[in-house]
Structures are given as C-alpha cells and as structure tokens.
Amino acid sequence: MRLFPWLILLLLPLMSQAYDTSLSPALYKNLNEIQEQLTEQNYEAVEKRLVKLEEQLKPSFGLALVYQLHGQMWLMQEQAEKGLVYFQKALALEVLAPAQEAGIATTTAQILLSLERPKEAYNVLQPRLTRILELEKEDSNASKSRVKSQASDSKPIQYIQANSFIVVATANQLQKQYKQSIPWLQQGLARTDEPKENWLLMLMVAHYQEKQYADSVSVLDELIRINPNKEDYWQQQASLYQMLEQTSKALRTLELGYAGGYVQKPDSILQLVQLLINNGIPERAGRILQKHLSDNSIELSDKHWKTLAVAWQQSREHAKAAEALLEASKYMNEGTLIFRAAQLQAQIGEYQQSTDNAKQAIQKGLKDKDESNALMLIASNAYELKDLAESRRYFQRALQYPNTASNAKNWLDYIAALEESYNL
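Every value quoted in this text rests on a predicted model; they were computed, and no experiment measured them. (Residues numbered from 1 in each chain as written. Predicted model: local features only at pLDDT ≥ 70, side-chain atom pairs only at ≥ 80, totals over all residues. Heavy atoms only, no water.)

Counting across every chain of the model gives eight aromatic pairs. For the ring pair Tyr 208 and Tyr 213, a centre distance of 5.5 Å and an interplane angle of 50 degrees mean the geometry is tilted. Given the relative accessible area of 18%, Tyr 213 is considered buried. Counting every residue linked through ring pairs, the aromatic cluster contains Tyr 383, Phe 395, Trp 411 and Tyr 414. Over the ring of Trp 312 we find Lys 320, and its NZ or CZ is 4.5 Å from the ring centre. (Phe/Tyr/Trp six-rings, centres within 6.5 Å; stacked < 30°, edge-to-face > 60°. Buried < 20%, exposed > 50% of the residue type's maximum accessible area, 1.4 Å probe, protein only. Lys NZ or Arg CZ within 6 Å of the ring centre and 35° of its normal.)

In structure tokens:
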C-alpha cells in the first residue's frame, strides 16, 4: 500500500481545553526548524536534533510531536518499520487531542497494512476511532447547548477524517471480513462530498460478498455517475439485476450504456443482445449483432452466428436468419445448420435455394433423422416447383427411413393420382 504521510500540524483546530497542547517557545522554534530541514531532506541533521529532544523532554504533548516528526522522517526515507516505532510511541503517550490522535493512528494503521499486517492495523485504529466518535457526539452536543440560538445551523464536530474509516474497512477486507467493513465504509463516504471511486468499489464488493445484491446495484449507480467510461460497472450492474431476476432493468442498464458509447466490449454487447432477445425485442438484437459481426468487433464464430439466426428468426426475418445459419455452418463439419437454413428458406417460398442448401447439407453430413427430413424437404420443394419427377425421386428415397416412410408414401400416392388425372 502506498503511504501518504501526515504533515505535522503544530497548531491544531478544534482543540478543547481538556487537552494540554501547549508548547514552550523554544520547542516550538526547534520543531519548525527541524521541519524545514526535513523538507530539504537533511536527514542526518534532523536525526541528531530529534534524538536530543527525545532525551530532554518528559512525556508530554511536545514529546508526542517529536516522535511524530521522527516517524515522518523515516517514512520519507521509505523505512516504514522504523517510522512505525515512532508513531506507536506518540500514540502510547496518550496526550494527543482527538483529531491528531485519529490522524496518527491512521498513519500507523496504513504502515501496518503496507507491511501486510491487517489485524494489527485494525487493532490500532478501530478502538481509537470508536472512542473518538463518542467524543465527537459529546462535544457536538455540548457545543449546541452553549449556543442554543444557533443550534439549527451548527455543524457537528468531526475529529476524524473520511480516510480513517476507509483504512479500518481495508483492514477488515484484507481479512475477508466484508460484513464488518460495510459500516466503516459508509461512515467514511458520509464524511465527503466527493466520494473516491475506490471507496465505492470497496463498498460494492462488500455488499456483493454478503449477497446484498440490491445494495451493490445502488452503489454501482454512484460508480457509473462518477466514471461512466468504466464499462465493467455497466456490465456488473446488468448482471446483478439478472441475479435479482429484474431482467428489464438489466436491459435498460446495458441499453443506456450502449447508447452512450460506454458499452463496447464483445461480452457486454452479447449480453445486451441476449437480453433483447429474452425481453421480446429480437429485431433490435439482430441489428446490433449484425453490425458488430459485419465490422469484426465481435468474433465470427458459429455460436455468434447462431445467436444472430435466433434473433432474426424470432423477428420473422427468415431470409436473414437463413443467411446467419449458413455463415455459422462454415465453422462446422456437418450440415445441420445448412439444413435449418433450407427449412427457413422453404417457409418464405425460396424453394430453389432451399433445395440447393438441403442437398448441400446431406452431402456435408446429417444424422439419419435430419437426412430423411432433408429428403422430404427437397421432394416438397420440387413439388412446389412443379417438378413431379424430382419430387417422386426424393420421396422414394425418404421411404427408406422409418420416421418419414408413412408420409413419403402418402405423397407418392398423391403424386401418382395427380399424374393419372393429368393423363385422363
């Protein structure tokens, strides 16, 4: 975890008289000079002066600031373990005001997280934040009591920054304690007007892990508002709506994302296409999928051509469905899809094309049942094309198969009777 060191604040806001934060002029001057040397990265001189002060000072607020500055020095040199020692010393003195205690405890927890010690990080920060939250309430109530006439306008006192709550939640989640992380994340988010994307993402994941899918959907609303270009958010929200069996809302999510140009990945588009088909809008599904197959933004595979065929077939666009099936058949070593295309072509009166494709399907290979039905289709097409000799020949071949023998015989009897009537 990247560390964001806290700057030393010698004059802290919101200091109650209950906390002795006084410094002697000499110490105040010393600390300011050390800060300047630290800014110039004069670490050797800083180290000497800090050690000298630590030897001279008794346990006090001033010593806590010295420890804090010493820890800061080690962090600036990327020596987290050494910095940790001094932040812990500052906290151990128990002389810090609430706001500064929360800040130093947060930094300490961040260091522990960076060292992959989340349980220790939680134990350092959580009890302190819990206690300081109670102080916030008490001091806010006291403030309101003192200024009753302005009570409606007074803002609650806050000693804890939003980031501190997120650090506790991070420690929870690194220990797979997602349920425990949720209230901490919510408190952190409540303390900022501009929630950070990764904080919301943590909350969404926590709700998901706890199977609180409706809450995850709500958080994704905010994530999409903050970063609509993140396509995963649109797809995740649609998938969650599907898990909640709210397919119309899943469809609306992906349609909005697609219309805005945010949904572009093949998986997302295919999810949109399937939702359109399932929600009874197959014609739009067909147009979208056809577009992306045509420009190669979706892989030209038998699976995707089959999906397109389903969309066109449900739209009663049988000619387009047949074309899609013929494209899909190119990826297969047998003729099933070609035969299905032939059946669709026969339904719209394209008898010659249907016959040609049925013959090709037989040549490429069909199971016995499909082969017999293909023979019947060719024979029927020939009848429609008034080629009775061709029709008779294929009905006779269909006689060889049990599932079509009876129907083929009836057709042959009918053709024979028809030819006899012509001869009369």
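There is more to say after this.
Time to look at the side chain of Ser 315. By secondary structure assignment, the location of Ser 315 is in the loop between α15 (302-314) and α16 (318-329). In this structure the side chain of Ser 315 is engaged in a polar contact, spanning 3.5 Å, whose partner is the backbone oxygen of Pro 282. For Ser 315, the side chain forms a polar contact with the main-chain nitrogen of Glu 283, separated by 2.9 Å. With residues up to four places along the chain from it excluded, the contact list for Ser 315 reads Pro 282 and Glu 283. (Helix = DSSP H or I, 4+ residues; strand = E, 2+ residues; numbered from the N terminus. Polar contact = N/O pair within 3.5 Å; in protein donor to acceptor, adjacent residues only side chain to side chain. Contact = heavy atoms within 4.5 Å.)

Moving on, we come to the pattern of salt bridges. On inspection of all chains with the given rule, the structure shows 21 salt bridges. Where Glu 33 meets Arg 49, a salt bridge forms, and the shortest distance between an N and an O atom there is 2.6 Å. With Glu 33 in helix α1 (residues 25-39) and Arg 49 in helix α2 (residues 43-56), this residue pair connects regions lying 16 residues apart in the sequence. Between Arg 392 and Glu 419 there is a salt bridge, with its nearest N and O atoms 2.1 Å apart. Of this pair, Arg 392 sits in helix α20 (residues 388-398) while Glu 419 sits in helix α21 (residues 402-423); the two residues are 27 residues apart in sequence, bridging distant segments of the chain. Given the relative accessible area of 23%, Glu 419 is considered partly exposed. Shared partners join several salt bridges into a network, and the residues in it are Glu 94, Glu 101, Arg 128 and Arg 131. (Salt bridge = Lys/Arg side-chain N within 4 Å of Asp/Glu carboxyl O.)

Geometry only, nothing functional implied.
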